[in-house]
Amino acid sequence: MSQTSARELGLCRCHTCGLLARYQAGSVCPRCHSRLQVRIPHSLAWSWGLLALASFMLLPANLLPITHFYNKGLLQSDTIFSGIMMLYRSKMSGIATIVLTASIIVPVGKILGLGWICWQLQRSKPVRRKRQLIMYRIIDFIGRWSMLDLFVISLMVALVDRGVLLNVRAGPGATAFAGVVVLTMMSARMLDTRLLWDKAAR
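Residues numbered from 1 in each chain as written. Predicted model: local features only at pLDDT ≥ 70, side-chain atom pairs only at ≥ 80, totals over all residues. Heavy atoms only, no water.

Per an unreviewed UniProt entry, the recorded name for the chain is Paraquat-inducible protein A, and the organism is Aeromonas dhakensis.

Okay, here's the thing in C-alpha cells:
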C-alpha cells in the first residue's frame, strides 16, 4: 500500500515549532511566523560542517583546564578528567559517574550518532527511518541538558575538600566544552529529518 507524503498534499512542517501547515512559496508559519521551507537548504552539508567543528573542539575541551582557582595562595587548575577523579577520590562515585557520562560519554555519543545519521543519508542503500528518527530525537533531547555537567564539575571541584578559596574563574577547557555543546545542538537543528522520507521515496 503506497503512502502519500505531506509534501505531495501541499503541506509543510515548520522546522521551528513543528506545526503542519499549508505551503505556498514565501508563506510563513501561522503559529510562530517563521518562514516555511519544504527542505532546509544544504541541510546535510551544514550538519556535517558543524559536526566536524564540534569534533575538533572535543580535544581541547577535555585536555585544557576548565577551572583556575587559588587555594591558600596557590594557583591550581582542573580539567574535566581530573575533576572526575577528584570526585571519585572524595568517595562521591555517584556524582562522578554522572559527570563522566554527561561530559565525556554523551558528547562523544552525540557526535557519533549525528555522524551515523548523516552518513546513512548519503549512502545509496535504503535507510531505516524509525531507528534514525529515534536516535535523532534522543540526541536532540539530551542536547538541551548538556551544559548541566559543566556547572556540576565547577562547583564540586571548587568546593569539595579545597579549603578556603580566594578566586575561581573558568579556564579555556570550559569555553571549548561550551563550543562542543553549542555546535552539536546546531548540527542537530540543521539536520532536516524530512530528508529521510525523500531518500525512502527514491
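So that's the structure; there's more coming.
Student: What is the right way to look at the overall build of the chain in this model?
Tutor: The secondary structure content of the chain amounts to seven helices and five strands. Ordered by position from N to C terminus, the α and β elements of the chain give β-β-α-β-β-α-α-α-α-β-α-α. Here the chain, with 202 residues, has 38% of them falling under the buried criterion. In the chain, of all internal contacts separated by at least 6 residues, the share reaching a separation of at least 24 is 68%. Accessible surface, the chain: about 12100 Å² in total, of which carbon and sulfur atoms supply 65%. (Helix = DSSP H or I, 4+ residues; strand = E, 2+ residues; numbered from the N terminus. Buried < 20%, exposed > 50% of the residue type's maximum accessible area, 1.4 Å probe, protein only. Contact = heavy atoms within 4.5 Å. Areas by Shrake-Rupley, 256 points an atom, 1.4 Å probe, with all protein chains shown as cover.)

Student: How do you make sense of the nonpolar core when you look at a structure like this?
Tutor: Nonpolar side chains tend toward joint burial in soluble globular proteins. Residues Leu114, Leu121, Tyr136 and Leu191 are the most contacted members of the largest nonpolar core, which totals 30 residues. Every element with two or more residues in this core is listed here: α1 (43-63), α2 (80-89), α3 (93-122), α4 (129-143) and α6 (172-190). For Leu191, the contacting residues outside a window of four places in its chain are His15, Ser43, Leu44, Ser47, Leu114, Ile117, Cys118, Leu121 and Tyr136. Formed by five residues, the second largest nonpolar core is a distinct cluster that contains Cys12, Cys14, Ala21 and Leu36. (Core = buried A, V, L, I, M, F, W, Y, C linked by side-chain atoms within 4.5 Å.)

Student: Can you walk me through the UniProt feature "transmembrane region" (unreviewed entry) in the chain in this structure?
Tutor: In the numbering adopted here, UniProt assigns the feature "transmembrane region" (unreviewed entry) to residues 44-64, 95-117, 138-160 and 172-191. The distance separating the terminal C-alpha atoms of residues 44-64 is 31 Å; by composition the span is 95% helix and 0% strand. The distance separating the terminal C-alpha atoms of residues 95-117 is 31 Å; by composition the span is 100% helix and 0% strand. (UniProt positions renumbered as here; feature names shortened; annotations may be inferred.)

Student: Whenever I open this one, α1 confuses me. Can you help?
Tutor: Each full turn of the α-helix corresponds to 3.6 residues, which orients residues three or four apart in the same direction. Between its first and last C-alpha atoms α1 spans 31 Å; for 21 residues at 1.5 Å apiece the expected length is 30 Å, and the two agree. In α1, a bend of some 25° at Met57 exceeds every other bend along the element, and Pro60, a proline, comes one to four places later. Residues Ser43, Leu44, Ser47, Leu50, Leu51, Ala54, Leu58 and Ala61 constitute the buried set of α1. (Expected span 1.5 Å × (residues − 1). Bend = angle between axes of the 7 residues up to and from the residue.)

Student: Where do I start with the packing of α2 against α3 in this structure?
Tutor: For any two helices packed against each other, one specifies the crossing angle of their axes together with the interaxial distance. Here α2 crosses α3 at 160°, and the two axes come no closer than 8 Å. Relative to α3, the element α2 lies roughly antiparallel. For the crossing formed where α2 meets α3, the hand is left-handed. Seen from α2, the contacting residues are Ile80, Ile84, Leu87 and Tyr88; seen from α3, they are Ser93, Ile95, Ala96, Thr97, Val99, Leu100, Ser103 and Ile104. Looking at side-chain class alone, the contact of α2 with α3 contains nine nonpolar, three polar and no charged residues. (Axes fitted to C-alpha atoms, helices over the stretch in contact; angles between N-to-C directions. Parallel < 35°, antiparallel > 145°, perpendicular 65-115°, else oblique. Left-handed = near helix turned anticlockwise from the far one by under 90°. Nonpolar A, V, L, I, M, F, W, Y, C, P; charged D, E, K, R; others polar.)

Student: Sorry, what's going on with the packing of α3 against α6 here?
Tutor: Packing of α3 against α6 leaves a shortest axis separation of 11 Å and a crossing angle of 30°. Overall, the two elements α3 and α6 adopt an arrangement that is roughly parallel. Where α3 crosses over α6, the two elements pack in a sense that is left-handed. Together, Ala102, Ser103, Pro107, Lys110, Ile111 and Leu114 of α3 and Phe177, Val180, Thr184, Ser187 and Ala188 of α6 make up the contact between the two elements. Residues of the contact of α3 with α6, tallied by class, amount to seven nonpolar, three polar and one charged.

Student: Help me out: how do you make sense of the confidence of the model for the chain in this one?
Tutor: The predicted coordinates ought not to be read in detail in places where the model reports low pLDDT. Per-residue confidence for the chain gives a mean pLDDT of 78; residues scoring 70 or more make up 77%. Helix α5 (residues 148-159) is the least confidently modelled element of the chain, averaging 57 in pLDDT, while α1 averages 91, the highest of any element. This model gives residues 160-165 a pLDDT under 50, and the stretch forms 17 contacts once residues within four places in sequence are excluded. (pLDDT = per-residue confidence, 0-100.)

Student: Explain the environment of Gly115 to me, please; I cannot follow it from the model alone.
Tutor: With respect to the helices and strands, the residue Gly115 is situated in helix α3. Owing to a relative accessible area of 13%, Gly115 belongs among the buried residues under this scheme. With 64 residues separating them along the chain, Gly115 and Leu51 place their C-alpha atoms 7.4 Å apart. If we skip the residues at most four places from it in the chain, Gly115 touches Trp48 and Leu51.

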